[in-house]
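Residue-level structure breakdown
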Amino acid sequence: MSSQKGNVARSRPQKHQNMFSFKNHKFDKSIQTQKINAKLHGGVCQHCKEVLEWRVKYNKYKALSKPERCVKCLQRKVKDSYHIMCRPCAYDLEVCHRRSCRRNEESDDDSDFDTDLEDTEHNNQVN
Ligand SMILES: [Zn+2]
Ligand SMILES: [Zn+2]
């Protein structure tokens, strides 16, 4: 009798479910992402589009809390993050209006390359 073996007290770590109150935006995220993606398809060049879509995909896209100043009309009408021009101006000029777009600045300094894509494992570039 009293062969109490195998009853090793397992110290399972308790799940602290309220350790972090991380808000899960699962529900509005897909809609939000769609909306953002749709928005991004206008007014930017292919390169910037990829950057922005990457940001959305990896949840790194930050929406502006308040409009920024347009570089052309100087009014605070820029409502899209990472953009330097308001939409009317951008469409007027038909240029890419993303902030730090390589095409906006005719610079031959390639070290200024946008590093946004760096950790995307975007290695399908043909050299
Ligand atoms: Zn661009
Ligand atoms: Zn403007």
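Scroll up a little and you will see the structure.
Residues numbered from 1 in each chain as written. Chains lettered and ligands numbered in written order. Predicted model: local features only at pLDDT ≥ 70, side-chain atom pairs only at ≥ 80, totals over all residues. Heavy atoms only, no water.

**Quick notes on the overall build of the protein**
- Looking only at helices and strands, the protein has 3 helices and 0 strands in total.
- Counting only residues that meet the buried cut, the protein has 27% of its 127 residues in that class.
- Counted over contacts in the protein with a minimum sequence separation of 6, partners at least 24 positions apart contribute 35%.
- Accessible surface for the protein amounts to roughly 10,900 Å². Of this, 48% is attributable to carbon and sulfur atoms. (Helix = DSSP H or I, 4+ residues; strand = E, 2+ residues; numbered from the N terminus. Buried < 20%, exposed > 50% of the residue type's maximum accessible area, 1.4 Å probe, protein only. Contact = heavy atoms within 4.5 Å. Areas by Shrake-Rupley, 256 points an atom, 1.4 Å probe, with all protein chains shown as cover.)

**Quick notes on the nonpolar core**
- Listed in full, the 9 residues of the largest apolar core are V44, C45, C48, L52, V56, Y61, Y82, C96 and C101.
- Excluding anything up to four places from it in sequence, V44 contacts K49, L52, H83, C96, H97 and R98. (Core = buried A, V, L, I, M, F, W, Y, C linked by side-chain atoms within 4.5 Å.)

**Describing the coordination of the zinc ion (ligand 1)**
- Those protein atoms acting as donors to the zinc ion (ligand 1) are C45 (SG), C48 (SG), C96 (SG) and C101 (SG), and they sit at 2.2 to 2.3 Å.
- Here the zinc ion (ligand 1) binds 4 donor atoms, and the angle range of 103 to 119° at the metal identifies the geometry as tetrahedral.
- Taken in sequence order, the residues that donate to the zinc ion (ligand 1) follow the motif C-x2-C-x47-C-x4-C. We note that C45, like C48, is buried. (Donors = N, O, S within 2.8 Å, 3.2 Å for Na, K, Ca; no water. Tetrahedral: all angles 85-135°; square planar, octahedral: opposite > 155°, others 65-115°.)

**Examining the coordination of the zinc ion (ligand 2)**
- Here the zinc ion (ligand 2) is held by C70 (SG), C73 (SG), C86 (SG) and C89 (SG), and the distances to it run 2.2 to 2.3 Å.
- Note that the zinc ion (ligand 2) binds 4 donor atoms; their angles at the metal cover 100 to 118°, and the shape is tetrahedral.
- Positions of the donor residues of the zinc ion (ligand 2) along the chain correspond to the pattern C-x2-C-x12-C-x2-C. Within this pair, whereas C73 is found in the loop between α2 (46–57) and α3 (87–93), its partner C86 is found in the loop between α2 and α3, the two being separated by 13 residues in sequence.
- For C73, a relative accessible area of 26% gives the class partly exposed.

**As for the environment of S100**
- Among the secondary structure elements, S100 is positioned in the segment after α3.
- Residue classification places S100 among the partly exposed residues on the basis of a relative accessible area of 40%.

**Let's talk about α2**
- With 12 residues, α2 should cover 16 Å at 1.5 Å per step; its first-to-last C-alpha distance of 16 Å lies within 8% of that length.
- Looking only at α2, the buried set comprises H47, C48, K49, V51, L52, W54, R55 and V56.
- The positive-phi residue at the C-terminal boundary of α2 is N59, with phi of around 60°. (Expected span 1.5 Å × (residues − 1).)

**Quick notes on the packing of aromatic side chains**
- Summed over the entire model, instances satisfying the criterion amount to 2 aromatic pairs.
- Measuring from ring centre to ring centre gives 5.6 Å for W54 and Y58, while their planes differ by 40°; the resulting arrangement is tilted.
- A residue is classified by how much of its surface remains accessible, and W54, at 10% relative accessible area, is buried.
- We classify Y58 as partly exposed; its relative accessible area is 43%. (Phe/Tyr/Trp six-rings, centres within 6.5 Å; stacked < 30°, edge-to-face > 60°.)

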